[in-house]
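Chain by chain, the residues:
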Amino acid sequence: MKVIRVDKEKPDNMELLREMVPQDILERDSVRLFGAADEEKAYLFGVAALAEEGGLIRILWLYVKEEYRRIGIAGTLLNWILDSISFLELDKPVEAYFPEDAAHSSLLGFFGAADNFSITKRPEIGRLTPEGRRASKFYASLLDRQANVISFFDLPVVAQKRFLNKMYRIKMAHLVEDVVGNRGGYAPELCCCTVKGQDVINAVFVKCHKDGEMELSFGYLEDAKLAFSMAAGLIQRIEAGYPESDMIVCAVNDASKKLMEGMFKDEIFWENLVEVRWNGLRMDEMRDLVEESSEF
């Protein structure tokens, strides 16, 4: 068995891939496909789909044909991914998100048993389509509202550091680490804040993935009187720069979910996701099973 690159642009390959990979993943420009094939490279046992998004290597899909499961094929594919990242010294986190449903139970079971991967249940995720946003009366009311916001990354460095230090003190160290270490994953014009004097009092941080999705990753509210002004500024910037992009938001608790449902009614769609993250250590030694120069 060999691990090979799979060219999705070849007509014969596309027909095979449609049986193994969801169509929305195949249509992503950033997706890269790798397959587990026989020695003659005439048959695919399984396939992995990867993309570099927001400073991360994302595992979008990992699939093995049912009759070839439980004989190490998925582990071989996964090891090739991890080996390649280590060999190229990409120094990028590897993670994946999968819905917690019956269709993904085998995949989650595989990662749950794999060495050196952690699995975390994420807060409930809400998806807002452009049509859904514009159908919201709340959203429409903010399009013409006066907004007084500035981009966080346009602040003087000392003001940025002061705010991030504040986040660190209130147990938001993960935000600080992500903003500092993964700044390229954020959309600077959508990371908005309001300021009093030299201090950031309200802020929102938005990531933009290569497939066009926006992710509202964090919001901080200190002065509720200025909340609508900041929301208006963010929405106006979205419509100016990302009018056709979906937005992903996290419901960190029941109160935040009710707030989003109050603003967007039935236009927001919710799903439960599980985060899978590699801790940087390889599973085992399988380099002899990989032929990096092969293609399918």
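Here goes a summary of the coordinates provided.

Calculation criteria
- Residues numbered from 1 in each chain as written.
- Predicted model: local features only at pLDDT ≥ 70, side-chain atom pairs only at ≥ 80, totals over all residues.
- Heavy atoms only, no water.
- Helix = DSSP H or I, 4+ residues; strand = E, 2+ residues; numbered from the N terminus.
- Buried < 20%, exposed > 50% of the residue type's maximum accessible area, 1.4 Å probe, protein only.
- Contact = heavy atoms within 4.5 Å.
- Expected span 1.5 Å × (residues − 1).
- Arc of directions from axis to C-beta.
- Salt bridge = Lys/Arg side-chain N within 4 Å of Asp/Glu carboxyl O.
- Phe/Tyr/Trp six-rings, centres within 6.5 Å; stacked < 30°, edge-to-face > 60°.
- Axes fitted to C-alpha atoms, helices over the stretch in contact; angles between N-to-C directions.
- Nonpolar A, V, L, I, M, F, W, Y, C, P; charged D, E, K, R; others polar.

**A short note on the overall build of the protein**
Moving on, step 1. Looking only at helices and strands, the protein has ten helices and 15 strands in total.
Moving on, step 2. Looking at the 296 residues of the protein, the share that counts as buried comes to 48%.
Moving on, step 3. Of the contacts made within the protein by residues no fewer than 6 positions apart, 69% connect residues no fewer than 24 positions apart.

**What about helix α7 (residues 157-169)?**
Moving on, step 1. Helix length check: α7, at 13 residues, gives a terminal C-alpha distance of 18 Å against a target of 18 Å (1.5 Å per residue), a fit within 8%.
Moving on, step 2. Among the residues of α7, Ala159, Gln160, Phe163, Leu164, Lys166 and Met167 are the ones counted as buried. Summarising the axial view, the buried residues of α7 lie within an arc of 150°, below the 170-degree limit, and thus occupy one face. Looking at α7, the residues exposed on the side facing more than 90 degrees away from the buried face are Val157, Val158, Lys161, Tyr168 and Arg169.

**Focus: helix α8 (residues 173-181)**
Moving on, step 1. Of all the positions in α8, only Leu175, Val176 and Val179 are classed as buried. Burial along α8 is one-sided: seen end-on, the buried residues are contained in an arc of 100°. Seen from the open side of α8, the exposed residues pointing more than 90 degrees away from its buried face are His174, Glu177 and Gly181.

**Regarding the pattern of salt bridges**
Moving on, step 1. Scanning the model with the defined rule gives seven salt bridges in all.
Moving on, step 2. We note a salt bridge from arginine 162 to aspartate 199, for which the minimum N-O separation is 3.8 Å. Here arginine 162, found in helix α7, pairs with aspartate 199, found in strand β10 (residues 199-208); they are 37 residues apart in sequence, far enough to count as distant.
Moving on, step 3. A relative accessible area of 34% means that arginine 162 is categorised as partly exposed.
Moving on, step 4. Residue classification places aspartate 199 among the partly exposed positions, given a relative accessible area of 36%.
Moving on, step 5. The partner of lysine 166 in a salt bridge is glutamate 222, with the nearest N and O atoms 3.1 Å apart. Placement of the pair is lysine 166 in helix α7 and glutamate 222 in the loop between β11 (214-221) and α9 (227-241), with a sequence separation of 56 residues.
Moving on, step 6. Residue class for lysine 166 comes out buried when judged on its relative accessible area of 18%.
Moving on, step 7. What emerges from the salt-bridge pattern is a single network uniting Arg127, Glu213 and Asp246.

**Here we look at the packing of aromatic side chains**
Moving on, step 1. Counted according to the given criterion, the structure contains nine aromatic pairs.
Moving on, step 2. Aromatic pair phenylalanine 163 and phenylalanine 205: ring centres 6.2 Å apart, planes at 20°, arrangement stacked. One end of the pair, phenylalanine 163, is in helix α7; the other, phenylalanine 205, is in strand β10, with 42 residues separating them in the sequence.
Moving on, step 3. By relative accessible area, which is 0% here, phenylalanine 205 ends up buried.
Moving on, step 4. Joined through ring pairs, the aromatic side chains of Phe152, Phe153, Phe163, Tyr186, Phe205, Phe218 and Tyr220 make up one cluster.

**Concerning the packing of α7 against α8**
Moving on, step 1. Where α7 meets α8, the axes come as close as 7 Å, and the angle between the chain directions of the two elements is 145°. Residue-level inspection shows Leu164, Met167 and Tyr168 of α7 in contact with α8, the latter providing Ala173, Leu175, Val176, Val179 and Val180.
Moving on, step 2. In the contact of α7 with α8, the residues fall into eight nonpolar, no polar and no charged.

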